[in-house]
Amino acid sequence: MKCFRRLPPKVFRVIGIGVLAAFSSWQPAISSAKSLDSIVVMGWQGNNINPAFDAQLREIVYSNLQASDRYTVLGLEQSVQLLKRKGVPELADCNKLKCLNQLGQALMVDKVFLGEVSTKGSKYKITFKVFDVVRKEIIARAEKVLTYPAEQLKDKLEKLTREVLKKVPVQGRVVAVTDGRITLDVGSNVGLSKGNRLRIIRLKEVMAGNRLLYMGEKLVGDIKLIWVGEKQSEATIERSYVAAKQGDMVDIKDYLLFSKPKQKEKPVLVAGIPAVTPPVEQQPQQPEPELEVTPETTVGVLTINTDPTKAEIVLDGEVIGQSPKTIPNLKLGIHEIKLTKQAYRGWVGQVTVKPDQENSLKVNLAAYGGKLNINSVPPGATIIIGKRRWGKTRKTLQFPPGSYLVKLTKKGYRSKSQRVTVKNGESTRLSMTLDKEGVSRIPDMVYIPEGNFTMGANKKGADERPAHKVYTAGFYIDKYEVSYKKYHKFLTATGRRQPDFWDDTDLNKPDLPVVGVSWEDSNAYCKWAGKRLPTEAEWEKAARGIDGRIYPWGNASDSRRTNTVGEKDGFQFTAPVNSFAAGASPFGALNMAGNVWEWCADWYAEDYYSNSPAKSPKGPDNGELRVVRGGSWENSADNLRTTNRNSARPNNTAYNIGFRCAK
């Protein structure tokens, strides 16, 4: 017999610009012609490096920051003096996020540049990071391992500095929103001068707040970029709505490069996509070496394969189909290839078609975004996202990071929609229960449709065996455990005695689940409310659904989805009945794992599953114990399994047992 205890449980402040000016001559750069971000080189670590050489390396970084024309750079000595005057000199050596935020605010800079150079054997390891004071996060990083000699290291250091700067999102200001077009002024916000050029390598991502305006080939409106009043590029419109207003600051990520004119430009890699950067000013180009072919051989065959397949192929600016594809009679020489696929990073490159040989191109496209696992009860519902149908449940889809409205439809059932957020590199589960048409809705209850489900488990406790198919008729079950607030109405209406622990201030808040109720108390409440206690089979089906999951939310334990032992979930004792929406069962019932054990209608017998009926079982005809299910706030993950069975005497009034009703 499993028993229950009855004993009750008992900014850093931002410094104003005037104050900073009083201590020093440092002022953020303000100009009508340009408004540069300010940056400071701090948190520099030189490990096993000659101090004089370390100082030279830091100076190289400092000079490159100034030469980028993107920043007003605060010098190291000036920074240290300011920190000493403010009484916080220890901030000069910090490299943790909270400390960096304090440092940036104390120095009134927008960004902090962090550098680390160390040696091991004959190699240098260089790591650069850029911390954004407003966002309070690292927004760019670059790392390289290089070998001697030291003079080459200086050159590499310059390139690495430029590389990490290219990864820093540029900001543009929305200067106009008209007829579905967003116009962004990027020049005045990054301080471009006439000696520099804005070069668009590949449009990738534009964010306004947390909303994605542009990703890859998808647009949310016609985005036009301007540079100091001069038009530079326009993107074609694909959707007809926008989500930005005039004056908004917009992040422009991973597709803008800023540099001074050079004689030669080398190929660069932007966001993992090979691309060739054209020179700012047209330079004389060496003619491409011509292939020596016979008059009879002027064309060749090219085969293009991708992983995954069905990527769109653009050959020399023309869409020619999807991969895999074999292109016959293709002119010999160099051709531009562009490959794109929904939720994968695009690829741009060149291929040379030669005579008398097999010409082939194989590209592995990197996934971009996260997986979205969509299930429904009943299965086989049509998935609609945006204006497109994506097949039927159960299905796993890949989407770019962002917020999506998912709609499920099925004949004979009411359609249902739910918004879900997809995060990069993560898998998100979405499960919806569709109500049958003609079935009435009851407030704060969820409908469980008729049909079979798997009850019990073969590899756990003896009383959970064997796993077996059980049919239940359609029924409703409370979405939430019965709260103190609702139970108080019952007491007022009936004059029934208050349950144990009614005055315990740790447990008796209005939205917490009522505890200290016996089986008889719970049964009486449900009858008063025009309902009943659920059978054990009904409870388990409502908790685990029809796909045999271990926990209401899936097959992996997760303390973020339930109130379990310890305080990592944010609660020392019970949690409000509407908590942990992410841990809802497939039908939408909350807290069916953890929080409080819940009374069921059935008598308990350890061997009941070995001879229980396959249709609507109601437990043994009699017994000494009643079934309780679901685990509580003081139980570990194993007790929170949807198949775990427990029991208690009907008159037990424990501080960790509550209930919910069915109908």
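First, a word on what this report is: a plain description of the structure on this page. (Residues numbered from 1 in each chain as written. Predicted model: local features only at pLDDT ≥ 70, side-chain atom pairs only at ≥ 80, totals over all residues. Heavy atoms only, no water.)

### Points about the pairing of strand β31 (residues 416–422)
Phase 1: Here 7 bridges tie strand β30 (residues 402–409) to β31, and the two strands are oriented antiparallel to one another. Bridging across to β31, leucine 405 finds its partner in arginine 419.
Phase 2: Hairpin remark: β30 followed by β31, antiparallel, with 6 residues in the connecting loop; positive phi at glycine 412, about 90°. (Pairing = 2+ DSSP bridges. Helix = DSSP H or I, 4+ residues; strand = E, 2+ residues; numbered from the N terminus.)

### Remarks on the sheet that holds strand β25 (residues 359–364)
Phase 1: One open sheet holds the 3 strands; their spatial order is β22-β19-β25, and the pairing between them is mixed. Here the strands that pair on one side only, and so sit at the sheet edges, are β22 (325–331) and β25. Each neighbouring strand pair of the sheet contributes to a mean axis angle of 20°, computed without reference to strand direction. (Axes fitted to C-alpha atoms, helices over the stretch in contact; angles between N-to-C directions.)

### Focus: the state of the cysteines
Phase 1: Within the structure shown, the criterion is met by 1 disulfide.
Phase 2: Linked covalently through their sulfurs, cysteine 526 and cysteine 661 form a disulfide whose S-S length is 2.3 Å. Given an S-S torsion of about -90°, the disulfide between cysteine 526 and cysteine 661 has left-handed geometry. In this pair, cysteine 526 sits in helix α8 (residues 519–528) while cysteine 661 sits in the segment after β40 (657–658), placing the two residues 135 residues apart along the sequence.
Phase 3: Relative accessible area serves as the criterion here: at 0%, cysteine 661 is assigned to the buried category. (Disulfide = S-S within 2.5 Å. Buried < 20%, exposed > 50% of the residue type's maximum accessible area, 1.4 Å probe, protein only.)

### A short note on the packing of aromatic side chains
Phase 1: Applying the stated criterion to the full structure yields 18 aromatic pairs.
Phase 2: Between tyrosine 487 and phenylalanine 490 the ring centres are 5.1 Å apart and the planes differ by 65°, which places this aromatic pair in the edge-to-face class. Linking tyrosine 487 with phenylalanine 490, this pair stays in helix α7 (residues 484–494), spanning 3 residues, or about one helical turn. Residue tyrosine 487 shares its accessibility class with phenylalanine 490, and that shared class is buried.
Phase 3: Judged by centre distance (6.4 Å) and plane angle (80°), the rings of tyrosine 487 and phenylalanine 659 are edge-to-face. Taken as a pair, tyrosine 487 in helix α7 and phenylalanine 659 in the segment after β40 lie far apart in primary sequence, 172 residues in all. (Phe/Tyr/Trp six-rings, centres within 6.5 Å; stacked < 30°, edge-to-face > 60°.)

### Considerations on α8
Phase 1: Among all positions of α8, only Trp519, Asp521, Ser522, Asn523, Tyr525 and Cys526 are buried.
Phase 2: Residues of α8 that are buried make contact with α7, β37 (597–603) and β38 (626–629).
Phase 3: Glycine 530 occupies a position one or two residues after α8 and carries a positive phi of about 75°. (Contact = heavy atoms within 4.5 Å.)

### Some words on the nonpolar core
Phase 1: Counting 27 residues, the largest nonpolar core has Tyr487, Val514, Tyr525, Trp599 and Phe659 as the members making the most contacts within it.
Phase 2: Elements that contribute at least two residues to this core include exactly α7, α8 and β37.
Phase 3: Sort the elements by how many residues they give to this core and α7 lands first, with 4 residues.
Phase 4: Setting aside its immediate chain neighbours within four residues, valine 514 contacts Val482, Ser483, Tyr484, Tyr487, Pro499, Trp502, Ile657, Gly658 and Phe659.
Phase 5: If you look at the next biggest cluster of nonpolar residues, it comprises 26 residues, including Val73, Val117, Ala140 and Leu165. (Core = buried A, V, L, I, M, F, W, Y, C linked by side-chain atoms within 4.5 Å.)

### Some words on the sheet that holds β38
Phase 1: Strand order in this open sheet of 4 strands is β39-β38-β37-β40, and the pairing throughout is mixed. The open sheet has two edge strands with one neighbour each: β39 (645–648) and β40.
Phase 2: Bridge analysis of β38 against β39 gives 4 bridges, and the strand direction is antiparallel. Bridge pairing links arginine 626 to alanine 648 in β39.

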